[in-house]
Amino acid sequence: MKILVVGGGGREHAIIKKLRENPLAETIYALPGNGGIARDAVCVPIKATDLDGICAFAADKGIDYAVVAPDDPLVLGCVDRLNAIGIPCFGPEAKAAIIEGSKVFSKELMKKYGIPTARYEVFDSAEKALEYAKDCPIPIVVKADGLALGKGVIIAQTREEALSAIREIMQDKKFGKSGDRIVMEEFLEGPEVSVLSFTDGKRVVPMVSSMDHKRALDGDKGLNTGGMGTVAPNPYYTEEVAERCMREIFIPTMNAMNAEGRTFKGCLYFGLMICKDGPKVIEYNCRFGDPETQVVLPLLESDLLDIMTAVTEERLSEADVRFSRGHACCVVMASEGYPVKYEKGFEIHIPEEDVDKVYVAGARLEDGKLLSDGGRVLGCTETAASLREAVDKAYALAGRVSFGNAFYRRDIGKKALTAYGEE
Ligand code: AMP
Ligand code: GLY
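Q: Any chance you could break down the site of ligand 1 for me, citing the residues and the numbers?
A: Taken together, 15 residues are adjacent to ligand 1, and Glu 185, Glu 186, Leu 188, Glu 192 and Lys 214 come closest. A distance of 2.3 Å is found between an oxygen atom of ligand 1 and a side-chain nitrogen or oxygen belonging to Glu 192. Burial of ligand 1 by the protein chains amounts to 91% of its free accessible area of 490 Å². Partitioned by chemical class, the residues of the shell around ligand 1 number eight nonpolar, one polar and six charged.

In structure tokens, the structure reads:
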């Protein structure tokens, strides 16, 4: 089987390593992939948003199956385009990817179908939003409607911050057309849980839960990033919470998308807040999370390619989806200064016996050397029977991997260990 994976980050590296476990996955192409992924797949320099280029390549190579991993090609309709030339895909069509592509859409969907989420208002003019912000409850959360490279959410702690967030998004167009409309919503409190799920529109099968660490610095300080590390499972996702989420959120969301004629097939990501009065949806993503995937897939005991094709063929009920009872921890190594300003081009050293546990996010190959080439450079993942052990092993691994300006948080997993009563 010739498989194509669209994307080129740590998440895609984790997907590719898992797909390779199936002997049917004879050749895997990554578009564009990266210098680290090149060990596990044939990387071709076609951008993930270049739908014409992707389709031409897929037709030329006679691709049998495609996995579209990042949000932007999904929202742009990459799956629709590949399907139109007869290539089956893992990932939602554009009309379903809108669940991430438009925050206004997802909030209205939740309201219409009674799915628990923060109370909100939608604004399509800056004047009205500014007027509302004059006496809305504070803190308030301001969200650009469309995709904004994960930066379109501002938690305004003061009225002044709310006003300037509205001005930046709607008047200065900081995120372009993504800010034509905004959602202003109630600030929720509670631990956050990420739950990725497989769904074919008939069934929704949650994967093991995980916890992201979004802030750049220890103690959840510093700027928001794409994610500095993850652990799985998430201690706050108890059996009781899981059961409620299934009943109140996961199944209702799948049914709502079906009722809207937007059947979602692929990986539906639920960003949840466990509030005092129950779990609520903070956000939906139409794809695997990054770096959640780097802890979730290493715990998957069954075959990823089999599950993915079962989703595509709408027979997920027949698939074997089994996770280990162990724990995983991923420590992201970034370039010092990320997410603002950082240098690239430092040589990365990974001991040969460790390469299988390192997911490369931002690196390029030059004269046979692997050089850092992004803000988040790689993720070190370890699994173990206990979280304590997984965390210790992941940090030991990070200690064996090096590059010039490497920077990483020292407290990934600490919050989870505290929740287990271990810190
Ligand atoms: P996002 O960029 O969509 O991943 O959101 C960034 C972060 O903002 C989330 O992970 C939450 O920590 C936080 N957030 C989003 N919405 C709310 C809310 N209504 N109340 C509190 N925190 C929120
Ligand atoms: N780690 C959060 C995301 O993938 O959006």
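Q: Could you give me a rundown of the site of ligand 2, with the residues and numbers involved?
A: Taken together, Asp 212, Gly 226, Tyr 269, Asn 285, Arg 287, Gly 289, Asp 290, Pro 291 and Glu 292 make up the full set of residues near ligand 2. In this structure, Asn 285 approaches ligand 2 through a side-chain N or O atom, which is 3.2 Å from an oxygen atom. At a separation of 2.9 Å, an oxygen atom of ligand 2 approaches a polar side-chain atom of Arg 287. Here ligand 2 has 200 Å² of accessible area as a free molecule, and 89% of this is covered by the chains. For the shell around ligand 2, a count of residues per class yields two nonpolar, three polar and four charged.

Q: Hey, could you go over the sheet that holds strand β5 (residues 89–90) for me, with residue numbers and the actual values?
A: The parallel open sheet is built from five strands, whose spatial order is β3-β2-β1-β4-β5. Lying at the two open borders of the sheet, with one neighbouring strand each, are β3 (42–43) and β5. The pairing of strand β2 (residues 27–32) with β3 spans two bridges and is parallel. Among the inter-strand pairings, Ala 30 is bridged to a residue of β3, identified as Cys 43. In the packing of helix α11 (residues 304–312) onto the sheet, contacts are made with β1 (2–7), β4 (65–68) and β5, and the angle to β4 comes to roughly 95°.

Q: Help me get a handle on the nonpolar core, residues and values and all.
A: Counting 47 residues, the largest nonpolar core has Leu 4, Ile 54, Leu 82, Ile 99, Phe 250 and Leu 272 as the members making the most contacts within it. Apart from the residues lying within four places of it in its own chain, the contact partners of Phe 250 are Val 195, Val 204, Pro 206, Tyr 237, Cys 245, Phe 270 and Leu 272.

Q: Just give me the short version of the pattern of salt bridges, but keep the residues and values in it.
A: Scanning the entire structure with this criterion turns up 38 salt bridges. Close ionic contact of Lys 357 with Asp 354 constitutes a salt bridge, the shortest N to O distance being 3.4 Å. Lys 357 sits in the partly exposed class, given a relative accessible area of 25%. A single network of salt bridges, built from pairs that share partners, joins Asp 354, Lys 357, Glu 382, Lys 393 and Arg 400.

About the criteria used
Residues numbered from 1 in each chain as written. Chains lettered and ligands numbered in written order. Predicted model: local features only at pLDDT ≥ 70, side-chain atom pairs only at ≥ 80, totals over all residues. Heavy atoms only, no water. Near = heavy atom within 4 Å. Polar contact = N/O pair within 3.5 Å; in protein donor to acceptor, adjacent residues only side chain to side chain. Areas by Shrake-Rupley, 256 points an atom, 1.4 Å probe, with all protein chains shown as cover. Nonpolar A, V, L, I, M, F, W, Y, C, P; charged D, E, K, R; others polar. Pairing = 2+ DSSP bridges. Helix = DSSP H or I, 4+ residues; strand = E, 2+ residues; numbered from the N terminus. Contact = heavy atoms within 4.5 Å. Axes fitted to C-alpha atoms, helices over the stretch in contact; angles between N-to-C directions. Core = buried A, V, L, I, M, F, W, Y, C linked by side-chain atoms within 4.5 Å. Buried < 20%, exposed > 50% of the residue type's maximum accessible area, 1.4 Å probe, protein only. Salt bridge = Lys/Arg side-chain N within 4 Å of Asp/Glu carboxyl O.

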